[in-house]
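Coordinates in review
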Amino acid sequence: MIALLGSITLIAVVVRLTERLAVSPWEPAIAMEAARLNGGLPLYEAGHATHMYGPLLTVLLAEIFRVTGLNLLAGRIGFSIFAFALAFLLSAILCRGSSRKYWFVAFALFLGVNLRTNLIFLSAQPDCVAALFAVGGLYLWAERRDSLLRSACAIGLFVCAVLFKQTSAAFALIPIVYVLIWKRGLQNLFASLIPALSILVTLGIIRFIWPQVFHAMITVPGSIEVNYGHVPLISGYLIATFPIFLIALLAKRFSRDVTDERERWIWAAMTVLVPASIWTTCKSGGGYSSLLVGYLAMTAFFVVKLDSILEWMAALRGWRSFLAASGLALAILFSFLVQVDRDLALLFLRCGDEKYETAVEFARGTPDRVISPQDPTIAYRGAGYFGRSLFFELDAHAVNGNWPSELPESMQREVAEAKYVVQVRSYVPTPMFEQALVKDHFYPMDFVALRGSVYTLWTRGPE
């Protein structure tokens, strides 16, 4: 059962980490922000829209590209290393003092969370990096034992996590909940506030010194609409399709084991991270990847109760033992493979095709301005042009939390200055872009080399 889960994970790793084309429309856009940074261009300025993640995402990706050049696959591999490190760290913390067998099982289960979160472990998004820093900070805070150095390092890790992805600030609330549930006392409560206050102070400093950074990472994401009507549906889906969590709850209910420190911190983590995951998933444009930290917390709970579950199963005899073992195996497989059809579709999804280089060669061979807002790496590789990202511009100019029905003015200006536009069809529809091209007197060319491709070359016609 664990071997099957590990094999599926390995297949996903091989397929995703050998794909050189973009696997999402946002991947090339984020990569171009790193290229801008390496090129000495400003990222946070009026008139330029960047991604809604924290600034450290761009910094880390830029450092990878300093070594490899603009390479989407290298960025994906680099961030996947951090994702595997996250699974390793959680397994090491929770299985400290246990046999290697338990550590291996825990590691496989944490990697299995990738299959429930749109393959987030194998992407160049900052979710797993932020979670890694946040888990490290939480561990140091829990083990600080009046050590100022550990406390300072924990706070630094919490802040770094938020500067990768803002929602990881939820981890800084876990010490507060832990104290309210298990410790109490004003002194403990005041101390538990330090991580959260440190993040607030950091954000306040950023707002004062770098208001454009604050706008991109706080104001713009804060404008996204939250569909609170989806909360019951997402909550029910999360619990009902993750039966190992229910099994762990039953083990807790009928076990006579004393709640140790690991479990106490996990209860505090679940109290914070599961609702936070549901909330972020309910935001407009949210997806299963937003459930990452909730799944990690519930998996951690199952891992710490696994000893009790196996002890209970060992006490059974005959057919009862067989049924219990079979039920546990099926629950584990169902918990991580319930979305396997969606995972397979995502695994082989590409935002581009084998004619990518043809589009780049066209941009390289023409003296006129070529733009490619849906994949700005095309214009950059072909002509060295740092173009705007259509998706970032739409995100930055959302109306009532949703994309505008017309192109933002900044994007319209870029189209107006271009002679050619490379359109890239993907699973994310952008009808306002095609409408703007037609309105600005562009028409699709019958470019033989791009026939049957997701790339379409548009040229400006007579007005």
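Up top you'll find the structure we're talking about.
Numbering of residues starts from 1 in each chain and follows the order in which that chain's sequence is written. Owing to the predicted nature of the model, reporting of local features is limited to residues with pLDDT of at least 70; listing and counting of side-chain atom pairs is limited to 80 or more, with chain, interface and lining totals taken over all residues. Derived side-chain values reflect all non-hydrogen atoms in the structure, with water molecules and hydrogen atoms excluded from consideration.

Side note on the overall build of the chain
- The helix and strand tally for the chain stands at 22 helices and four strands.
- Compactness check: the chain gives a C-alpha radius of gyration of 24 Å against a globular reference of 23 Å for 463 residues, within 12% of the reference.
- Taking the principal axes of the C-alpha coordinates as reference, the chain spans close to 80 × 55 × 45 Å.
- Exposure categories follow from relative accessible area, calculated using a 1.4 Å probe and restricted to protein chains: below 20% of the type maximum is buried, above 50% is exposed, and the middle band is partly exposed. Per-residue burial for the chain yields a buried fraction of 54% across its 463 residues.
- Put simply, 71% of the contacts in the chain that link residues at least 6 apart link residues at least 24 apart.
- Only carbon and sulfur atoms are counted for the fraction: they give 64% of the accessible area of the chain, which is about 21300 Å².
- Neither His nor the chain termini are counted; the positive set is Lys and Arg, and the negative set is Asp and Glu. A single reference atom marks each charge: NZ on Lys, CZ on Arg, CG on Asp, CD on Glu. Of the side-chain charges in the chain, 38 are positive and 33 negative, and the distance between the mean point of each set is 10 Å. Runs of E in the DSSP output that reach at least two residues are strands. Runs of H or I that reach at least four are helices, and both are numbered from the N terminus. As a reference, a globule follows 2.2 Å times the number of residues to the power 0.38, and the radius of gyration itself is taken over C-alpha atoms. Contact criterion: two residues are considered in contact whenever any of their non-hydrogen atoms come within 4.5 Å of each other. Note on areas: Shrake-Rupley with a 1.4 Å probe; residue coverage comes only from the protein chains shown.

Topic: the packing of helix H15 (residues 292-314) against helix H16 (residues 319-337)
- Geometry is summarised by axes, namely lines fitted to C-alpha atoms with helices restricted to the contacting stretch, and by angles between N-to-C directions that run from 0 to 180 degrees. For the pair H15 and H16, interaxial distance at closest approach is 11 Å and the crossing angle is 170 degrees. On the basis of their axis angle, the class for H15 and H16 is roughly antiparallel. The two elements H15 and H16 meet at a crossing, and its hand is left-handed. Across from Thr299, Phe302, Ile309, Leu310, Trp312 and Met313 in H15, the residues of H16 making contact are Ser321, Ala324, Ala325, Leu328, Ile332 and Phe336.
- Taken together, the residues of the contact of H15 with H16 break down into ten nonpolar, two polar and no charged. In what follows, roughly perpendicular refers to angles from 65 to 115 degrees, roughly parallel to angles under 35, roughly antiparallel to angles over 145, and oblique to any angle outside these ranges. Take the far helix as your reference; a near helix turned counterclockwise from it by less than a right angle gives a left-handed crossing, and one turned clockwise gives a right-handed crossing. Each residue is assigned to one of three groups, with Ala, Val, Leu, Ile, Met, Phe, Trp, Tyr, Cys and Pro labelled nonpolar, Asp, Glu, Lys and Arg labelled charged, and all others, Gly among them, labelled polar.

Considerations on unusual backbone geometry
- The phi dihedral of asparagine 118 is positive, around 55 degrees, even though this residue is not glycine.
- As for its placement among the helices and strands, asparagine 118 is situated in the loop between helix H5 (100-112) and helix H6 (127-142).
- A positive phi angle, near 70 degrees, is found at histidine 441, a position not held by glycine.
- In this fold, histidine 441 is placed in the loop between helix H22 (431-439) and strand E3 (442-444).

Here's the deal with the packing of aromatic side chains
- Think of it this way: a Phe, Tyr or Trp ring, Trp meaning its six-membered ring, pairs with another when their centres are within 6.5 Å, and the plane angle makes it stacked under 30 degrees, edge-to-face over 60, tilted otherwise. Applying the stated rule across the entire model yields 16 aromatic pairs.
- Aromatic side chains phenylalanine 391 and tryptophan 403 sit 6.0 Å apart centroid to centroid with 45 degrees between the ring planes, which places their arrangement in the tilted category. Taken as a pair, phenylalanine 391 in helix H20 (residues 390-396) and tryptophan 403 in the loop between H20 and helix H21 (409-416) lie far apart in primary sequence, twelve residues in all.
- Here, a charge over a ring is recorded when the distance from Lys NZ or Arg CZ to the ring centre is within 6 Å and its angle to the ring normal is within 35 degrees. The lysine or arginine in question, lysine 101, covers the ring of tyrosine 102, its NZ or CZ lying 5.4 Å from the ring centre.
- Lying across the ring of tryptophan 141, arginine 144 places its NZ or CZ 4.1 Å from the centre.

Quick word on the nonpolar core
- To form a nonpolar core, buried Ala, Val, Leu, Ile, Met, Phe, Trp, Tyr and Cys residues must be joined to one another through side-chain atoms within 4.5 Å. Membership of the largest hydrophobic core comes to 101 residues, with the highest contact counts inside it found for Leu109, Phe110, Phe121, Phe171, Ile174, Leu273 and Phe302.
- At 14 residues, H15 tops the list of elements feeding residues into this core.
- Contacts of phenylalanine 171, omitting those with residues within four sequence positions, involve Ala134, Val135, Leu138, Phe158, Leu273 and Val293.
- Core analysis: the next-biggest nonpolar cluster, separate from the first, contains 25 residues, Ala22, Ala29, Ala31 and Val129 among them.

Some words on the environment of glutamate 361
- Relative to the helices and strands, glutamate 361 is located in helix H18 (residues 356-365).
- Taking the C-alpha atoms as reference, glutamate 361 lies 9.1 Å from alanine 383; in sequence the two are 22 residues apart.
- Side-chain polar atoms of glutamate 361 contact the side chain of arginine 364, separated by 2.3 Å. Polar contact criterion, stated in full: a pair of N or O atoms within 3.5 Å, where within protein one must be able to donate a hydrogen and the other to accept it, and residues adjacent in sequence count only if both atoms are side-chain atoms.

Concerning the packing of helix H3 (residues 55-68) against helix H4 (residues 72-94)
- Here H3 crosses H4 at 125 degrees, and the two axes come no closer than 9 Å. Overall, the two elements H3 and H4 adopt an arrangement that is oblique. The crossing of H3 and H4 is right-handed. From H3, Leu57, Leu60, Leu61, Ile64, Phe65 and Thr68 reach across to H4, where they touch Ala74, Gly75, Gly78, Phe79 and Phe82.
- Considering only residue class, the contact of H3 with H4 consists of eight nonpolar, three polar and no charged.

Thoughts on the pattern of salt bridges
- Salt bridges are counted wherever a side-chain nitrogen of Lys or Arg sits within 4 Å of a carboxyl oxygen of Asp or Glu. If you walk through the whole model with that rule in mind, you get 17 salt bridges.
- Note that arginine 460 and aspartate 440 form a salt bridge whose closest N and O atoms lie 3.6 Å from each other. Of this pair, arginine 460 sits in strand E4 (residues 455-460) while aspartate 440 is found in the loop between H22 and E3, placing the two residues 20 residues apart along the sequence.
- A residue is classified by how much of its surface remains accessible, and arginine 460, at 18% relative accessible area, is buried.
- Connected via shared salt-bridge partners are Arg96, Glu143 and Arg145.

A short note on H4
- In this scheme, a helix's expected span is set at 1.5 Å multiplied by one less than its residue total. Under the 1.5 Å per step criterion, the end-to-end length of H4 is 34 Å for 23 residues, consistent within 8% with the ideal 33 Å.
- A distance of 3.0 Å separates the backbone nitrogen of leucine 73 from a side-chain oxygen at the start of H4, and that oxygen is part of asparagine 71.

Concerning the environment of serine 80
- Relative to the elements of secondary structure, serine 80 occurs in helix H4.
- Taking C-alpha positions, serine 80 is 34 Å from threonine 259, a pair spaced 179 residues apart along the chain.
- Excluding residues that lie within four positions of it along the chain, serine 80 makes contacts with Leu17, Phe121, Leu122 and Ser123.
- Looking at serine 80, its side chain comes within polar contact range of the main-chain oxygen of arginine 76, at 2.8 Å.

Let's talk about the environment of phenylalanine 302
- Among the secondary structure elements, phenylalanine 302 is positioned in helix H15.
- Note: C-alpha distance between phenylalanine 302 and leucine 109 (193 residues apart in sequence) is 9.5 Å.
- Not counting residues within four places of it along the chain, the set of residues in contact with phenylalanine 302 comprises Leu109, Ile244, Ile247, Ala248, Ile309, Leu328 and Ile332.

Topic: the pairing of E4
- Counting buried positions along E4 yields six of six residues, so the element is predominantly enclosed.
- Side chains of E4 alternate between two faces, with Tyr455, Leu457 and Thr459 and Thr456, Trp458 and Arg460 buried alike.
- When strand E2 (residues 420-424) meets E4, the two strands line up antiparallel, connected through five bridges. By the bridge assignment, valine 421 is partnered in E4 with tryptophan 458.
- By definition, two strands form a pair when at least two bridges between them are found by DSSP. Here E3 runs beside E4; their pairing, made up of three bridges, is antiparallel. Note that in E4 the partner of proline 444 across the bridge is tryptophan 458.

Purely geometric numbers; function is a separate question.
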